[in-house]
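The chain contents come next:
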Amino acid sequence: MKAFVIAIPNNKVSQDAADRCIKSSKNFNNDFVIEKFNAITPTEVNRLLTTYKIKWNYPWEGIINDFQSGLKKSAYPTVNREARIACALSHYTLWRRCASGDGFPESYLILEHDAIFTGKIDNNKLKKSPKLIISINNPLRATRKSKEYKDKIESANADEGGVVPVPWIDDRSVPQGLPGNSAYIIKPNAAKKLVNLVNEYGLWPNDAIMCKQLIFEMGCTKKHFTQVQGTRSTTTL
């Protein structure tokens, strides 16, 4: 498994948080090395959308009923639109790499700089789960309705990999997925599905396009291995 933490170049807050993430993993003797991945920056957005031949297709204001997907798309609070798109492109770029595999298909652990480890990952156990995308993150402070989300994880039955299905916490027309998308393992087959979804529906915020309505084989570890550090958002502000 390859591991990456997304860190914004020349941004001290992001770089320091990423360093803490890497250090915390070493403290728990995880058997993988986390590489820094240079986050896509707002100035690169237009060039990369053209290079990838994709378009942003998510509302900046209000709510839109997307008839193609059957989902309700609600605007995220965003001051800098290019920063929001850049965040999605950072994840999308890693999905593309995972999907291609360069001839050697391998799962990716993708971390945002805000993640910090709270335990050692048991890779051998996790590999027993049939889920294609697995969150390792504690939902608290990481997602909306986080207490309800966590309670549903704790009450669910885990598979032999220690993974439970992503819970429903809202109306089924609302995209629902991982708790914050700040720490997840993605297998090559899932990465290929996500790339195809972006080709079909356009680019959405990464935690919206990666929803259980569009990708069914998603789960969360019942035991959490990361939590959020609580650093300042680089997309909402």
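How each quantity is defined
- Residues numbered from 1 in each chain as written.
- Predicted model: local features only at pLDDT ≥ 70, side-chain atom pairs only at ≥ 80, totals over all residues.
- Heavy atoms only, no water.
- Helix = DSSP H or I, 4+ residues; strand = E, 2+ residues; numbered from the N terminus.
- Rg over C-alpha atoms; globule rule 2.2 N^0.38 Å.
- Buried < 20%, exposed > 50% of the residue type's maximum accessible area, 1.4 Å probe, protein only.
- Areas by Shrake-Rupley, 256 points an atom, 1.4 Å probe, with all protein chains shown as cover.
- Lys, Arg positive; Asp, Glu negative; His and termini not counted.
- Charge placed at Lys NZ, Arg CZ, Asp CG, Glu CD.
- Phe/Tyr/Trp six-rings, centres within 6.5 Å; stacked < 30°, edge-to-face > 60°.
- Pairing = 2+ DSSP bridges.
- Axes fitted to C-alpha atoms, helices over the stretch in contact; angles between N-to-C directions.
- Parallel < 35°, antiparallel > 145°, perpendicular 65-115°, else oblique.
- Left-handed = near helix turned anticlockwise from the far one by under 90°.
- Contact = heavy atoms within 4.5 Å.
- Nonpolar A, V, L, I, M, F, W, Y, C, P; charged D, E, K, R; others polar.
- 1 Å grid on protein atoms, 1.4 Å probe; cavity = no way out; pocket = protein on both sides within 12 Å on 5 of 7 lines; lining within 4 Å.
- Points joined across faces, edges and corners; volume = space filled by probe spheres on them.
- Core = buried A, V, L, I, M, F, W, Y, C linked by side-chain atoms within 4.5 Å.
- Salt bridge = Lys/Arg side-chain N within 4 Å of Asp/Glu carboxyl O.
- Polar contact = N/O pair within 3.5 Å; in protein donor to acceptor, adjacent residues only side chain to side chain.

Any chance you could explain the overall build of the chain here in plain terms?
Along the chain, the regular secondary structure elements total seven helices and 11 strands. For 237 residues, the compact-globule estimate of 2.2 N^0.38 gives 18 Å, and the chain sits close to it at 17 Å. A burial count over the chain gives 54% of its 237 residues as buried. Of the accessible surface of the chain, which amounts to about 11300 Å², a share of 50% is contributed by carbon and sulfur atoms. Side-chain charges of the chain comprise 34 positive and 23 negative groups, with the mean position of each set lying 1 Å from the other.

Explain the packing of aromatic side chains to me, please; I cannot follow it from the model alone.
The geometry of an aromatic ring pair is captured by the separation of the ring centres together with the interplanar angle, meaning the angle of the planes. If you walk through the whole model with that rule in mind, you get seven aromatic pairs. Pairing F4 with Y108 gives two aromatic rings, centres 5.0 Å apart and planes at 45 degrees, and the pair type is tilted. Here F4 is found in strand β1 (residues 2–7), whereas its partner Y108 is found in strand β5 (residues 108–112), with 104 residues between them in sequence. Residue classification places F4 among the buried residues on the basis of a relative accessible area of 5%. For Y108, a relative accessible area of 5% corresponds to the buried category. The interplanar angle of 80 degrees and the centroid separation of 5.7 Å between the aromatic rings of Y58 and Y76 together place this pair among those described as edge-to-face. Placement of the pair is Y58 in the loop between α2 (45–52) and β3 (63–66) and Y76 in the loop between β4 (71–74) and α3 (81–100), with a sequence separation of 18 residues. Residue Y58 is classed as buried on the basis of its relative accessible area of 8%. Residue Y76 is classed as partly exposed on the basis of its relative accessible area, which comes to 22%. Three or more aromatic residues joined by ring pairs make a cluster, and in this case those are Y58, Y76, Y201 and W204.

Just checking my understanding: could you explain the pairing of strand β9 (residues 183–186) for this structure?
Consecutive residues of a regular strand have side chains that alternate between opposite faces of the sheet. Residues A183 and I185 line one face of β9 and the alternating positions Y184 and I186 line the opposite face, and both faces are buried. Sheet analysis places strand β7 (residues 133–135) next to β9, joined by three bridges and oriented antiparallel. From the neighbouring strand, I134 faces β9, where its bridge partner is I185.

What is the right way to look at the packing of α3 against helix α6 (residues 188–201) in this model?
The interhelical angle for the contact between α3 and α6, taken along N-to-C directions, is 125 degrees, at an axis separation of 8 Å. In terms of their interaxial angle, α3 and α6 are classed as oblique. Handedness of the crossing formed by α3 with α6: left-handed. Residues Y92, W95, R96, C98 and A99 of α3 form the contact with α6, whose participating residues are P188, A191, K192, L194, V195, V198 and N199. Grouping the amino acids of the contact of α3 with α6 by side-chain chemistry returns nine nonpolar, one polar and two charged.

Sorry if this is basic, but what is going on with the layout of surface pockets here?
Unoccupied space between atoms shows up once a probe the size of one water molecule is rolled over them. Its volume calculated, the second largest pocket comes out at about 160 Å³. Here the lining of the second largest pocket is composed, by residue class, of four nonpolar, two polar and two charged.

Even after reading the chapter, I still don't get the nonpolar core, so can you show me in this structure?
A general trend in soluble globular proteins is that nonpolar side chains are found buried together. Core analysis: the biggest nonpolar cluster contains 53 residues, and L89, W95, I133, I186 and L203 have the highest contact counts within it. Top contributing element to this core by residue count: α3, with nine residues. For I186, the residues in contact, after removing those within four places along its chain, are W95, C98, S107, Y108, I110, L132, I133, A191 and L194. Counting residues in hydrophobic clusters, the runner-up holds 20 residues, among them I34, V163, A183 and I185.

What is the right way to read the side chain of K131 from this model?
Within the secondary structure layout, K131 lies in the loop between α4 (123–126) and β7. For K131, which is buried and forms no salt bridge, the nearest opposite charge comes from D159, at a distance of 6.0 Å. Those residues in contact with K131 that lie beyond four places of it in its chain are D159, V163, P165, K187, E217, M218 and G219.

Is there a simple way to think about the side chain of Q229 in this case?
Mapped onto the elements of the fold, Q229 is located in the segment after β11 (226–228). For Q229, the side chain forms a polar contact with the main-chain oxygen of A17, separated by 3.0 Å. At a separation of 3.1 Å, a polar atom in the side chain of Q229 contacts the main-chain carbonyl oxygen of H113. Ignoring anything within four residues of it in the chain, the contact list for Q229 reads A17, R20, C21, H113, D114, A115, I116 and R141.

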